[in-house]
Amino acid sequence: MSRQSPVAGRQGLDLCAVALRGPVLNGSGTFDAIAARRAFGDALLERFPFDAFVSKTITLAPREGNPPPRLWETPAGLINSIGLPNKGLDGFLAGDLPQLAELPVPLVVSVMGFSRDELATLVERVGERDEVAMIELNVSCPNVETGLVMGADPAETAAAVERVRPLTAKPVIVKLTPNANEPAGVAEAAESAGADAVSLINTLKGMALHPGTRRPWLGGGTGGVSGPAVRAVALEQVHSVAGRVSIPVIGMGGIASGAHAAEFLAAGARCVAVGTESFRDPSAGRRIGAELTSLVGASLAFQDH
Ligand code: RRO
C-alpha cells in the first residue's frame, strides 16, 4: 500500500493523485449538494462538509426511480429503495454538472450502466469534462429491476473495468457491493483490470414488511440497509479488501463520528465517506473531519498505509 498518511491534517492528502484537503467524502446519493446550495446559499461553499464530492449515480437514460415508499427506518439504520432516479447523462451534463463544478472540492461523478456499452458511453462523456476529477463506477446498486449486480461477480466487474479503462485518463473508482460472496476477490479483479481505487460498502440487501399487511413495505419490494447497523460488516470488508489490493480504499458504512472514521483508516482505508449520518445532520462530514483531525497523533490508529 502507498505510504501516505490518510489523515494529513493541514497538508492535505491525495487520492489517485487528486489533491484533497482531508480524507472525508460523502457516500454517493446521500447528500444533495444542489438542494443544499439552494437552502444554505454560499454558506454551503464556505463550510462545505466534505473534502471531495461524489454525485448521485447517473445512468444513460433518465429514470423516475422506484415507486414510494422509498425509505424504512430500522434499529440503528435505514433501508432505501430509491431506484436511481436521475436526469440521465445529457440532463446531468447540462443541468447538474455546472452547479456541482462550483463546489470548492474535487468532483467525483458516479455512473451506472445496464450494459458495458452504456457504461462505456457514460465514462467517455463524463471523462471529457474538465470539471470532473474522478469517475466512480457504481456496480453495486441493490435497487434495480433486474436484480443483477455486476459487482457481485469478479469476472463481470473486471470486464466492465477493462471496457472503460482505455476511454478516460481520469481515475476510476469501483464501488463494491457487500452482497458478494467475497468482496476482496471482486476488489482484486477490479485492480487487475485497471481500477485506480475501490470504495465500499454500498448497502446490504434488506427488506421490511408493512406492519399491518405483512407485505413488502418498500415500493421496490426490497432495499439496501445502511447506517450504524452495518458498520461492523463494513469495517471487516474494508479490512479484508485493503489487505488484498494496493490501490487506495475508500471506506464507508455507518460512520457517524471521528472515532468511527479512525477505525476505518486503521483498517486500511485511505479515505472515508459519510452517508446515512448526513441525513440526520447535513454538516456531519465537517464534524467528523474535525473530530478525526483532533485524534491525529493521539492514536496509533493513524499508521501510514
Ligand atoms: O438509488 C438507489 O436506490 C441506490 C443506489 Br444507486 C445505490 O448504489 N445504493 C443504494 O443503496 N441505493
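In the block above lies the structure referred to throughout.
Note that the structure is a prediction, hence the values are computed from the model and not measured.

To continue, consider the overall build of the chain. Across its full length, the chain carries 10 helices and 14 strands. Here the C-alpha radius of gyration of the chain, 18 Å, is about what a compact globule of 305 residues would show, namely 19 Å. Here the chain has roughly 12600 Å² of accessible surface; of this, 53% comes from carbon and sulfur atoms. Looking at the chain, you have 26 positive and 31 negative side-chain charges, and the mean spots of the two groups are 5 Å apart.

Moving on, we get to the nonpolar core. Ranked by size, the top nonpolar core spans 72 residues in total, and within it Phe-53, Val-111, Leu-137, Val-174, Val-198 and Val-241 carry the most contacts. Leaving out residues up to four positions away in the same chain, Val-241 has contacts with Leu-176, Pro-183, Ala-184, Ala-187, Val-198, Leu-200 and Val-249. Ala-52, Val-54, Val-108 and Ala-133 belong to the second largest nonpolar core, which has 17 residues in total.

Strand order in this open sheet of 4 strands is β5-β6-β12-β11, and the pairing throughout is antiparallel. The sheet is open, and its two borders are formed by β5 (71–74) and β11 (204–206), each paired with just one other strand. If you compare each strand with its neighbour and ignore which way they point, the axes differ by 35 degrees on average. The pairing of strand β6 (residues 77–80) with strand β12 (residues 223–226) spans 3 bridges and is classified as antiparallel.

The next point concerns the site of the ligand. All residues adjacent to the ligand are Lys-56, Asn-80, Ile-82, Gly-83, Leu-84, Asn-138, Cys-141, Pro-142, Asn-143, Asn-202 and Thr-203. Within the contact set of the ligand, an oxygen atom lies 2.9 Å away from a backbone nitrogen or oxygen of Leu-84. Within the side chain of Asn-202, an N or O atom sits 2.8 Å from a nitrogen atom of the ligand. In isolation the ligand exposes 310 Å². Once the protein is present, 93% of that is buried.

Think of two packed helices as two axes; the pair is described by the angle between the axes and how far apart they sit. Across the interface, helix α8 (residues 258–266) lies against helix α10 (residues 284–295) with an axial gap of 8 Å and an inter-helix angle of 65 degrees. Considered as vectors, α8 and α10 are oriented roughly perpendicular to each other. Crossing hand, α8 versus α10: right-handed. For the pair formed by α8 and α10, the contact residues are Gly-258, Ala-259, Ala-261, Ala-262 and Leu-265 on the first element and Ile-288, Glu-291, Leu-292 and Leu-295 on the second. For the contact of α8 with α10, the class distribution of residues is 7 nonpolar, 1 polar and 1 charged.

This part takes up the sheet that holds strand β4 (residues 53–54). With respect to topology, 8 strands assemble into an open sheet ordered β3-β14-β13-β10-β9-β8-β7-β4, the strand pairing being parallel. This sheet does not close on itself; its edge strands, each paired only once, are β3 (24–26) and β4. Two strands pair when backbone bridges link them, and β3 and strand β14 (residues 271–274) are joined in this way by 3 bridges, in the parallel orientation. Across the sheet, the residue bridging to Leu-25 is Ala-273, located in β14. Set on the sheet, helix α7 (residues 231–242) makes contact with β10 (197–200) and β13 (249–252); between it and β13 the angle comes to about 170 degrees.

Rules and cut-offs
Numbering of residues starts from 1 in every chain and runs along the sequence as written. Totals for whole chains, interfaces and linings use all residues, but because this is a predicted model, local features are given only for residues with pLDDT of at least 70 and pairs of side-chain atoms are given and counted only at 80 or more. Water and hydrogen atoms were dropped before computing side-chain values, which therefore reflect all heavy atoms in the structure. Counting from the N terminus, the helices are the DSSP runs of H or I reaching at least four residues and the strands are the DSSP runs of E reaching at least two. For the radius of gyration, the atoms used are the C-alpha atoms, and the globule rule reads 2.2 Å times the number of residues raised to 0.38. The method behind every accessible area is Shrake-Rupley, applied with a 1.4 Å probe, and residues are considered shielded solely by the protein chains displayed. Under this rule, positive means Lys or Arg and negative means Asp or Glu; His and the chain ends count for nothing. Working definition for charges: the position is that of NZ of Lys, CZ of Arg, CG of Asp or CD of Glu. To define a nonpolar core, start from buried Ala, Val, Leu, Ile, Met, Phe, Trp, Tyr and Cys residues and group those joined through side-chain atoms within 4.5 Å. Only protein chains enter the accessibility calculation, which uses a 1.4 Å probe. A residue is then buried if its area is under 20% of the maximum for its type, exposed if over 50%, and partly exposed in between. Note on contacts: a residue pair qualifies if any of its non-hydrogen atoms lie within 4.5 Å across the two residues. For two strands to be treated as a pair, DSSP must find at least two bridges joining them. A fitted line through C-alpha atoms serves as each axis, taken over the contacting stretch for helices, and the angle formed by two N-to-C directions is quoted from 0 to 180°. Residues are classed as near a molecule or strand on a simple rule: at least one heavy atom within 4 Å of it. Contacts described as polar in this section are N or O atom pairs within 3.5 Å, which, within protein, must combine one atom able to donate a hydrogen with one able to accept it, while residues neighboring in sequence count only if both atoms come from side chains. The labels follow the angle: roughly parallel below 35 degrees, roughly antiparallel above 145, roughly perpendicular from 65 to 115, and oblique for the rest. Rotating anticlockwise by less than a right angle from the far helix to the near helix defines a left-handed crossing, while the corresponding clockwise rotation defines a right-handed one. When residues are sorted by character, Ala, Val, Leu, Ile, Met, Phe, Trp, Tyr, Cys and Pro go into the nonpolar class, Asp, Glu, Lys and Arg into the charged class, and all the rest, Gly among them, into the polar class.

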